[in-house]
Amino acid sequence: MIKLDNVNKAFGSNQVLRGMTLEVPKGTSMVIIGGSGTGKSVALKCILGLIKPDSGSILVDGKPADSGDRDAFLARFGMLFQGGALFDSLPVWQNVAFRLMRGALKRPAEEAREIAIEKLRRVGLKPDVADRLPAELSGGMQKRVGLARAIAAEPEIIFFDEPTTGLDPIMAGVINDLIREIVVEMGATAMTITHDMTSVRAIADNIAMLHDGVIKWTGPVGQMDHSGDPYLDQFIHGRAEGPIEAVR
Amino acid sequence: MNPIALLARVGRLALDWLSAIGRVALFALSTLTHMLRPPFYGRETLTALLHIGWLSLPVVGLTAIFTGGALALQIYAGGARFNAEAVVPQIVAIGMVRELGPVLVGLMIAARVTSSIAAEIATMKVTEQIDALVTLSTNPMQYLVAPRVLAAFVTVPLLVGIGDIIGIAGGYAVAVHNLDFNAAAYLKNTVDFLEPLDIISSLVKGAAFGTLAALMGCYYGMQSGRGAQGVGRATKGSVEAAAVLILAANFLLTGAFFSV
C-alpha cells in the first residue's frame, strides 16, 4: 500500500501540494485526475524521491519512502514518463533492458535483449524495432517502448504519467488496454495521472480528484458519476462553470 | 540611489557569487567521489573518451597548425625589428608548449565539448531522461558526469601534447618553406631549447583545462531550466564559465610553474 499523509510541497512561493492525503491499496489501480499544474506529477515524483516534500509522510508498505536502501526501493517501481523519456543514444532494446543490464538485476546482454524483445512484443511492437533508435519511432511507438521499459523488470508498483497525452484516440485506446492488461496480469499496484476521462474509465479501480494541492474526492471509479462533489463533476463533464476556475 | 540600498545590492551580488562558487565546488567534490567509487560505467567512459578525445583531434590539429604557422610569421616579423629573426624555433616551441597549445586546445574543447555536454545533459533533464535514470536505479552523477569528466581529464592532456607537436610542425613548415630556415637547425634548436618542465606544465594544464571544461558542461547541464530556453542558457553559460575558468587557471598554473 502507498500512503501519503498531509504532504506539502512548494517551489518558491508556489505552494503546489497543500496537505495531500491519499491511500492506494496494494494491487489496485488508482488514477489521479485534476487540472494542469495542480500537483499530480509532483505527487508521483515525491513518492519516488525525485522531489523531496517539505513536510508530511509517504509510506510504501508501511515504511517511509525516504529510508532504507534506495536502490532496493526503486527496484520495486516502474514508471512510464509523459514524453517517454527514452534515452536517445541507446537503441530501443537497451532502453527497455536498461535496468537488466546494470546493478543488482544485471544479466548477460543476450538474456537482457531476449527479455527486451519479449516485453516489446507484449506491448505490440515487432522485434525489428529493437535495434532502432528512439528518434526513429513515432510518438505512439515511443510510448509503448516506455511502457515496455516500465514493466521490463516486473515491478510491484507502476506509475503512468499522462500515458495517452499526444496520442490519437485509437492509439490512446491501445495504450489504455495495454496498461489495464499489464496491471491485472502482473498484479501490480498502479498510479496513473491523466486528464483523459476515457483513460480514467479504462484504467482505474479508484480515482482521486486533486485540486489546489489537496485531494477533493476519492473513491471507486463506479461512483465517480454520482459523487456529488462539485469539483469532480465539473472536471469529468468538462464544464467551464464551477468551483474550478477556468482561468488559472 | 540610497547608499544602504546600494550596499544591500552589492551584498546580494556577493552572496550570489559565493553561493554559486560553493555550488560548483560541491558539484566538483561530488563528481570526484562518484569517479572513485563503483559502479564504474566502462562503456559510457569509452564513449566519452571517443567523443572528447578522438573526435576532437581534427579541430585541435587545425587550430594548432594554423597557430604555429602564424606564430612563426609573427616572431619573424617582430624579431626583424631588432635583428632577432633567428629565435623563431625557440619562441614557437616555448610559445606553443607553455601557452598557446594548452590554452587554445582548452578553449576549443570548451567550444566543442563543453557545449555538447551541457546541451546533451540539459536536454536529458528537460525531457525527464535524468528522472528516468534515477527511477531505473542509476545515479546520474555516476552514469553521466563521472565518465565525461574522467575522459576529459585523461584525453585533453594528450590532445594538448598532440596540439603542441602539430603547432611546432606548423611553425617549422612556415619557417622552412617561407622564411628560408634550415630544416635540421630549426629542429635542433626546438629540441635543445625545450625543457622537461615546459612539457610537464603543458600536460598539467591540459588535464586541468579538460577537467574544468567537462565539469562546467555537466554542471550547467544538470542545473538547466525548463524548455529550449533552459537548454540554450545552460549551453551558453557552460561555455562562458569554462572559457573564463580555463584562462584564470592558466594564469594561476603559469604562475605556479614559472614564477621567478
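Calculation rules
Residues numbered from 1 in each chain as written. Chains lettered and ligands numbered in written order. Predicted model: local features only at pLDDT ≥ 70, side-chain atom pairs only at ≥ 80, totals over all residues. Helix = DSSP H or I, 4+ residues; strand = E, 2+ residues; numbered from the N terminus. Rg over C-alpha atoms; globule rule 2.2 N^0.38 Å. Buried ≥ 20, exposed ≤ 12 C-beta atoms within 10 Å, placed from the backbone. Contact = placed C-beta atoms within 7 Å. Core = buried A, V, L, I, M, F, W, Y, C linked by C-beta atoms within 7 Å. Domains from an automatic or database assignment. Nonpolar A, V, L, I, M, F, W, Y, C, P; charged D, E, K, R; others polar. Pairing = 2+ DSSP bridges. pLDDT = per-residue confidence, 0-100.

## Here we look at the overall build of chain A
Next up, step 1: In terms of helices and strands, chain A carries eight helices and 10 strands.
Next up, step 2: The globule rule puts the C-alpha radius of gyration for 248 residues at 18 Å, and the 18 Å found for chain A is close to it.
Next up, step 3: Expressed along its principal axes, the backbone C-alpha trace of chain A runs to roughly 55 × 40 × 35 Å.
Next up, step 4: Taken across its 248 residues, chain A has 45% of its residues classed as buried.
Next up, step 5: Sequence-distant contacts in chain A: of pairs separated by 6 or more residues, those separated by 24 or more amount to 62%.

## As for the nonpolar core
Next up, step 1: Ile32, Ala43, Val96, Ala116, Leu120 and Met209 of chain A are the most contacted members of the largest nonpolar core, which totals 78 residues.
Next up, step 2: With six residues, the top contributor of residues to this core is helix H5 (residues 139–151) of chain A.
Next up, step 3: When sequence neighbours within four positions are dropped, the list of residues in contact with Val96 of chain A reads Ala116, Lys119, Leu120, Val145, Ala148, Arg149 and Ala152 of chain A.
Next up, step 4: Counting residues in each nonpolar core, the second largest holds 46 residues, with Ala118, Met124, Cys218 and Ala242 of chain B among its members.

## Focus on the domain arrangement of chain B
Interface size is commonly expressed as the accessible surface area that is lost when the partners come together.
All names here are of chain B.
Next up, step 1: Domains assigned within chain B are domain 1 (1–37) and domain 2 (40–258).
Next up, step 2: For domain 1 and domain 2, the distance between their C-alpha centroids amounts to 26 Å.
Next up, step 3: Classifying every residue of the side of domain 1 that touches domain 2 by side-chain character gives four nonpolar, three polar and no charged.

## Focus on the pairing of strand S4 (residues 55–60) of chain A
Residues and elements named next belong to chain A.
Next up, step 1: The pairing of strand S1 (residues 2–11) with S4 spans five bridges and is antiparallel. Counted as the bridge partner of Asn8 is Ser55 from S4.
Next up, step 2: The hairpin turn running from S4 into strand S5 (residues 63–64), its antiparallel successor, is two residues long, and Asp61 in that turn takes a positive phi close to 50°.

## Thoughts on unusual backbone geometry
Next up, step 1: A cis amide bond links Pro38 of chain B to the next residue, Pro39 of chain B, at an omega of 0°.
Next up, step 2: With respect to the helices and strands, the residue Pro39 of chain B is situated in the loop between helix H1 (3–36) and helix H2 (42–52).
Next up, step 3: Phi at Glu154 of chain A is positive, roughly 50°, even though this residue is not glycine.
Next up, step 4: You can see Glu154 of chain A is positioned in the loop between H5 and strand S7 (157–161).
Next up, step 5: Non-glycine residue Ser137 of chain B carries a positive phi angle of around 60°.
Next up, step 6: Secondary-structure assignment places Ser137 of chain B in the loop between helix H5 (129–135) and helix H6 (140–178).
Next up, step 7: Assessed through the 20 C-beta atoms surrounding it within 10 Å, Ser137 of chain B is described here as buried.

## Structural notes on the interface of chain A and chain B
Next up, step 1: With 15 residues of chain A in contact, the opposing surface of chain B contributes 10 residues.
Next up, step 2: When residues of the side of chain A that touches chain B are traced back to their parent elements, those giving at least two are helix H2 (70–74) and strand S6 (77–80) of chain A.
Next up, step 3: Of the residues assigned to the side of chain A that touches chain B, the class counts are 10 nonpolar, two polar and three charged.

## Some words on the confidence of the model for chain A
Any region with low pLDDT has predicted coordinates that should not be read closely.
Next up, step 1: Summarising the model, chain A shows a mean pLDDT of 90, and 99% of its residues fall at 70 or more.
Next up, step 2: Taking the mean pLDDT of every element in chain A, the minimum, 86, falls on helix H6 (residues 169–186) of chain A and the maximum, 96, on helix H3 (residues 92–96) of chain A.

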